[in-house]
Amino acid sequence: MNICIINDTDSIINYDSLEKGCGESETWALQLARAFVNRGHFVIICTTTNENFSTTLYNNRINIVPIDKINDICNQFTFDFMIVSRVLTKYIYHLLKTNYNISKYIFYQYHDLYPLESNYKETFSIVNKVITLTPFHAKYLHIMTDYDYSKFTVIPNAIDLNLFTNIQEPKQRDNRILWCSNPDRGLNIILKYIYDDIKKEIPDFGIDICYPNYSSFNDTQLISGKDIRNMGSLNKADLYKEMVKHKCWCYPQNFIDTFCISMLEQAMCNVNIVCPWWYAPNDIFGDLNTNNKFEEIINNVEKYNKTFLKDKIYTSEEKFNNYLKWLKEHIIDAIKNYDSDENKNRRHNMCMRVIQSYNWNNIAQLYENLYINEKVQHGDC
């Protein structure tokens, strides 16, 4: 099959982006394209790139071309299906709407919580399916847009399992936490509210801070006097070597996630995960943590009006303090009781789920199945 992935992003995607480290939607585009190629398909990624456009395109590798060359690509190829990621710009919208020779089947992959286009209902009308990353994500978009729920389908994110084959289990894990997300997604909550209390219980507690190459952490006031290592941005292979050193990972979830790749990575590194199990993470592993959840602070998703909540969870002072107490106690327990049978079993079950459900070959197959089902429904077989 011929497949085109359109990923119009502020970040730059090149052939070496995975090795240097890139954001989740960029990783998604590259890894999904690689999985399609491995399954025998011809794939082009139209994106923001420094790669030069060439009329010579190869069947045995991912083809990355500048998005401003999309007209040339569409004149040169007919695609079995196309996937538009991140945002469907007005330019791409009009191109797809007016040029039916490009592809009859267009899937719109959402990564964000909210529609980024003011004309999202027009946008939805020209695609076969709007693809969300989790059931929570689909429900949220349905509520926010009031769009036909049957138009949505769920295809999750994934990770490259090959990167974990040579990861060595350490003889002794340390009592630190590796922070590996954008710092805005709750690092301040740990540092500002619960770090000192955890340190009293676990004297060698500390935090290693890693983050994507598009973010940074410069809050010197919060880290002053604390046992903090600022490690900057790491590629995936180096990140996993650091990740496997620790017993616990804490994710406060002040950010409303549509997915959480870090959670899959931590599970593959045999780390105890502490988070309230709200939003998309609950769809990933929530059923394996039924005895390890924090109560929902806000039950009605229509009330959520922010994605980044910085220092606090959007709730009353009493509930926020209960939430902080819960986080602190579960971090301490996850570190002190790392080797308990309950924790071992939970980590094993999480790891097996990632291997079975969140690998890129499976995700590529889900897209292929979706395409075949759409063809059948349209009498195209």
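Residues numbered from 1 in each chain as written. Predicted model: local features only at pLDDT ≥ 70, side-chain atom pairs only at ≥ 80, totals over all residues. Heavy atoms only, no water.

### Side note on the overall build of the protein chain
When you go through the protein chain residue by residue, the secondary structure sums to 14 helices and twelve strands. Expected size for 381 residues packed as a compact globule is a radius of gyration near 21 Å; at 22 Å, the protein chain falls within 12% of this value. Taken along its principal axes, the extent of the C-alpha atoms in the protein chain is 65 × 45 × 40 Å. By residue count, 56% of the 381 residues in the protein chain fall in the buried class. Contacts in the protein chain between residues at least 24 apart in sequence constitute 68% of all its contacts with a sequence separation of at least 6. By element, 44% of the accessible surface of the protein chain is carried by carbon and sulfur atoms, the whole surface being about 16,900 Å². Distance between charge centres in the protein chain, computed from 40 positive and 46 negative side chains, equals 2 Å. (Helix = DSSP H or I, 4+ residues; strand = E, 2+ residues; numbered from the N terminus. Rg over C-alpha atoms; globule rule 2.2 N^0.38 Å. Buried < 20%, exposed > 50% of the residue type's maximum accessible area, 1.4 Å probe, protein only. Contact = heavy atoms within 4.5 Å. Areas by Shrake-Rupley, 256 points an atom, 1.4 Å probe, with all protein chains shown as cover. Lys, Arg positive; Asp, Glu negative; His and termini not counted. Charge placed at Lys NZ, Arg CZ, Asp CG, Glu CD.)

### Remarks on the sheet that holds strand β12 (residues 272–274)
Taking strand neighbours across the sheet as the criterion, the five strands line up as β10-β9-β8-β11-β12 in an open arrangement whose pairing is parallel. If you trace the sheet from one side to the other, it starts and ends with β10 (228–232) and β12, each paired once. Looking at each pair of strands side by side, their axes are set apart by 25° on average, direction ignored. Sheet analysis places strand β11 (residues 246–250) next to β12, joined by three bridges and oriented parallel. In the sheet register, W249 faces β12, and the bridge partner there is I273. Along the sheet, helix α7 (residues 187–201) makes contact with β8 (174–179), β9 (207–210), β10 and β11, crossing β9 at roughly 160°. Its contacts with the sheet place helix α9 (residues 236–243) against β8, β9, β10 and β11, and it is angled at close to 150° to β8. (Pairing = 2+ DSSP bridges. Axes fitted to C-alpha atoms, helices over the stretch in contact; angles between N-to-C directions.)

### Quick look at the sheet that holds strand β6 (residues 129–132)
Reading across from one edge, β3-β2-β1-β4-β5-β6-β7 is the order of the seven strands in this open sheet, with parallel pairing throughout. Edge strands, defined here as strands with exactly one partner in the open sheet, are β3 (63–66) and β7 (152–154). Each strand of the sheet is rotated relative to its neighbour by a mean of 25°, with strand direction disregarded. Sitting on the sheet, helix α6 (residues 135–145) touches β6 and β7, and the angle it makes with β7 is about 165°. Along the sheet, helix α14 (residues 360–377) makes contact with β4 (81–85), β5 (106–109), β6 and β7, crossing β5 at roughly 140°.

### Re the pairing of strand β1 (residues 2–7)
The element β1 is largely enclosed, with a buried count of five among its six residues. Sheet topology note: the β1/strand β2 (residues 42–47) ladder contains six bridges and is parallel. What sits directly across from I6, in β2, is C46.

### Topic: α7
Helix length check: α7, at 15 residues, gives a terminal C-alpha distance of 20 Å against a target of 21 Å (1.5 Å per residue), a fit within 8%. Of all the bends in α7, the largest measures some 65° and sits at I194. Among the structural elements, β8, β9, α8 (220–223), β10, β11 and α12 (317–336) are those in contact with the buried residues of α7. (Expected span 1.5 Å × (residues − 1). Bend = angle between axes of the 7 residues up to and from the residue.)

### Here's the deal with the nonpolar core
Counting 68 residues, the largest nonpolar core has F205, I207, F285, Y323 and I331 as the members making the most contacts within it. A total of nine residues in this core trace back to one element, the largest contributor, which is α12. Apart from the residues within four sequence positions on either side, F205 is in contact with N175, I177, Y195, I198, K199, D227, I331 and I335. Grouped together as the second largest cluster of nonpolar side chains are 34 residues, C46, V65, Y120 and L141 included. (Core = buried A, V, L, I, M, F, W, Y, C linked by side-chain atoms within 4.5 Å.)

### Re the environment of F152
Along the polypeptide, F152 turns up in strand β7. When the C-alpha positions of F152 and Q76 are compared, they lie 30 Å apart, and in sequence the two are 76 residues distant. What F152 contacts, discounting residues up to four positions off in sequence, is F124, V130, T132, A138, L141, H142, T145 and Y147.

### What about the state of the cysteines?
Counting across every chain of the model gives zero disulfides. As a non-bridged cysteine, C46 has C4 as the owner of its nearest cysteine sulfur, 4.1 Å distant. Classification of C46 by relative accessible area gives buried; the value is 0%. Sulfur of C275: no disulfide; nearest cysteine sulfur belongs to C260 and is 7.4 Å away. (Disulfide = S-S within 2.5 Å.)

### What about the packing of helix α10 (residues 261–268) against helix α13 (residues 341–357)?
It is at 8 Å that the axes of α10 and α13 come closest, and there the two elements cross at 120°. Here α10 and α13 pass one another in a crossing that is left-handed. In this structure, α10 uses L264, A267 and M268 to contact α13, whose residues at the interface are M350, C351, V354 and I355. (Left-handed = near helix turned anticlockwise from the far one by under 90°.)

### Focus on unusual backbone geometry
Of note in the backbone geometry, W277 takes a positive phi value of approximately 65° without being a glycine. Relative to the helices and strands, W277 resides in the loop between β12 and α11 (279–285). For Y279, which is not glycine, the phi torsion reads 55° and is therefore positive. Mapped onto the elements of the fold, Y279 is located in helix α11. According to the relative accessible area criterion, Y279 is buried, its value standing at 10%.

### Some details on the pairing of β8
Within β8, five of the six residues are buried, which leaves it mostly tucked inside the rest of the structure. Inspection of the sheet shows β8 paired to β11 by two bridges, in the parallel sense. Opposite I177, over in β11, you have C248 as the bridge partner. Pairing of β8 with β9, which is carried by three bridges, proceeds in the parallel orientation. Within β9, the residue paired with I177 across the bridge is I207. With α7 bridging β8 and its parallel neighbour β9, the resulting β-α-β unit is right-handed. (Right-handed = clockwise from strand over helix to strand, strands pointing away.)

Remember, this is a structural readout, not a statement about activity or role.
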